[in-house]
Amino acid sequence: MTPSLEHTVVEPNSPPAIDDEDYPAYTMGRAAEMLGTTPGFLRSLDEAKLITPQRSEGGHRRYSRYQLRLAARARELVDNGTALEAACRIIILEDQLAEALRLNAELQAPTEQS
């Protein structure tokens, strides 16, 4: 599973999905404020294809909680001296490993109950 989400238009009349971590609830400014970073840093993550924010009807970037977690991890790595491109690759690999472990646990669960 690649963490990058496709550019899509957020439906203006759709109800907010409070529990959906993929729901694009945060504007770029709010996301940058929450992460203690700049909008430019978030744009650089988009350019590096780590996160691809969804777009509002007006074309503004909107971020999900899942994307904010990835951005926070990228910021942590970059703040510790990791190059942005390397940080993005690390995060993608971490995400893929977590997904593989989750799937493995799901597949083993029925076997353990027998």
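Residues numbered from 1 in each chain as written. Predicted model: local features only at pLDDT ≥ 70, side-chain atom pairs only at ≥ 80, totals over all residues. Heavy atoms only, no water.

Trainee: Would you mind showing me how to read the overall build of the chain here?
Mentor: A count of helices and strands for the chain gives four helices and three strands. Moving toward the C terminus, one meets the helices and strands of the chain in the order β-α-α-β-β-α-α. Within the span of the chain, comprising 114 residues, buried residues form 30% of the whole. Expressed as a percentage of contacts within the chain between residues at least 6 apart in sequence, the contacts between residues at least 24 apart total 66%. A total of about 7200 Å² of accessible surface is found on the chain, and carbon and sulfur atoms cover 53% of it. (Helix = DSSP H or I, 4+ residues; strand = E, 2+ residues; numbered from the N terminus. Buried < 20%, exposed > 50% of the residue type's maximum accessible area, 1.4 Å probe, protein only. Contact = heavy atoms within 4.5 Å. Areas by Shrake-Rupley, 256 points an atom, 1.4 Å probe, with all protein chains shown as cover.)

Trainee: What is the right way to look at the sheet that holds strand β2 (residues 54-55) in this model?
Mentor: Strands in a sheet are paired, the pairing made by backbone hydrogen bonds, and the direction either parallel or antiparallel. With antiparallel pairing, three strands are arranged side by side in an open sheet as β1-β3-β2. Lying at the two open borders of the sheet, with one neighbouring strand each, are β1 (26-27) and β2. Of the strand pairs in this sheet, β1 and strand β3 (residues 61-63) are connected by two bridges, and their pairing is antiparallel. Across the sheet, residue T27 finds its bridge partner in β3, namely R62. With respect to the sheet, helix α3 (residues 65-79) is in contact with β1 and β3, its orientation differing from that of β3 by roughly 85 degrees. (Pairing = 2+ DSSP bridges. Axes fitted to C-alpha atoms, helices over the stretch in contact; angles between N-to-C directions.)

Trainee: What is the right way to read the pattern of salt bridges from this model?
Mentor: Note that side chains of opposite charge can pair when their charged atoms are close. Taken as a whole and judged by the stated rule, the model has eight salt bridges. For D46, the salt bridge is made with R61, and the minimal N-O distance between the two is 3.6 Å. Pair noted here: D46 is in helix α2 (residues 39-47) and R61 is in strand β3, with a separation of 15 residues, a long-range link. Owing to a relative accessible area of 12%, D46 belongs among the buried residues under this scheme. A relative accessible area of 21% places R61 in the partly exposed class. Among the ionic pairs, E94 bridges to R73, the shortest N-O distance being 2.8 Å. In this pair, E94 is assigned in helix α4 (residues 84-113) and R73 in helix α3, connecting sequence segments 21 residues apart. (Salt bridge = Lys/Arg side-chain N within 4 Å of Asp/Glu carboxyl O.)

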